[in-house]
Amino acid sequence: QILIYGDVQGRAAVTVPAGNFDTVRLYRVLDLDDRQPWRTRTTRRDQVWYAPEVKGVVREAREATYAEPGDSGATQVYTERTVTELVSFRPGRG
């Protein structure tokens, strides 16, 4: 089972290698039911910058974690920490 939650954070200007874009910022949480006896399920938190001009995502930051059972402080173990940015964009005709 995969649970997906999301929230529109509003408009934001963002600069990536491909240039400056006016974007809509989204926050998304994916809860993956991949629990094992030695760890909790994985939770991935994403920040997404969608640019209508590009008709796509120009920046995405992902962070995924799980915790080990019995850990009194519930230390989070990172399984993913990535940032992806658009490096080139050329608008099409029409």
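Criteria and cut-off values
- Residues numbered from 1 in each chain as written.
- Predicted model: local features only at pLDDT ≥ 70, side-chain atom pairs only at ≥ 80, totals over all residues.
- Heavy atoms only, no water.
- Pairing = 2+ DSSP bridges.
- Helix = DSSP H or I, 4+ residues; strand = E, 2+ residues; numbered from the N terminus.
- Axes fitted to C-alpha atoms, helices over the stretch in contact; angles between N-to-C directions.
- Phe/Tyr/Trp six-rings, centres within 6.5 Å; stacked < 30°, edge-to-face > 60°.
- Core = buried A, V, L, I, M, F, W, Y, C linked by side-chain atoms within 4.5 Å.
- Buried < 20%, exposed > 50% of the residue type's maximum accessible area, 1.4 Å probe, protein only.
- Contact = heavy atoms within 4.5 Å.

A. Fine view of the sheet that holds strand S4 (residues 56-67). The strand order across the open sheet formed by five strands is S1-S2-S3-S4-S5, and the pairing between neighbours is antiparallel. Each having just a single partner strand, strand S1 (2-16) and strand S5 (76-85) make up the two edges of the open sheet. The mean inter-strand angle of the sheet, taken between neighbouring strand axes irrespective of direction, is 15 degrees. Here 14 bridges tie S1 to strand S2 (residues 19-32), and the two strands are oriented antiparallel to one another. Bridge pairing links Thr-15 to Asn-20 in S2.

B. Highlighting the packing of aromatic side chains. All chains considered together, the criterion is met by two aromatic pairs. On the basis of an interplanar angle of 75 degrees and a centroid distance of 6.3 Å, the ring pair of Phe-21 and Phe-89 is categorised as edge-to-face. In this pair, Phe-21 is assigned in strand S2 and Phe-89 in the segment after S5, connecting sequence segments 68 residues apart. Where Trp-38 meets Tyr-66, the ring centres are 5.9 Å apart and the plane angle is 85 degrees; that geometry is what we call edge-to-face.

C. Spatial organisation of the nonpolar core. Judged by nonpolar contacts, Val-14, Val-16, Phe-21, Trp-49, Ala-51, Val-54, Val-58, Ala-61 and Leu-86 together constitute the single largest core of nine residues. Secondary structure elements with two or more residues in this core: S1, strand S3 (42-51) and S4. Excluding residues within four positions of it along the chain, Ala-61 makes contact with Arg-45, Asp-46, Gln-47, Trp-49, Thr-82 and Val-83.

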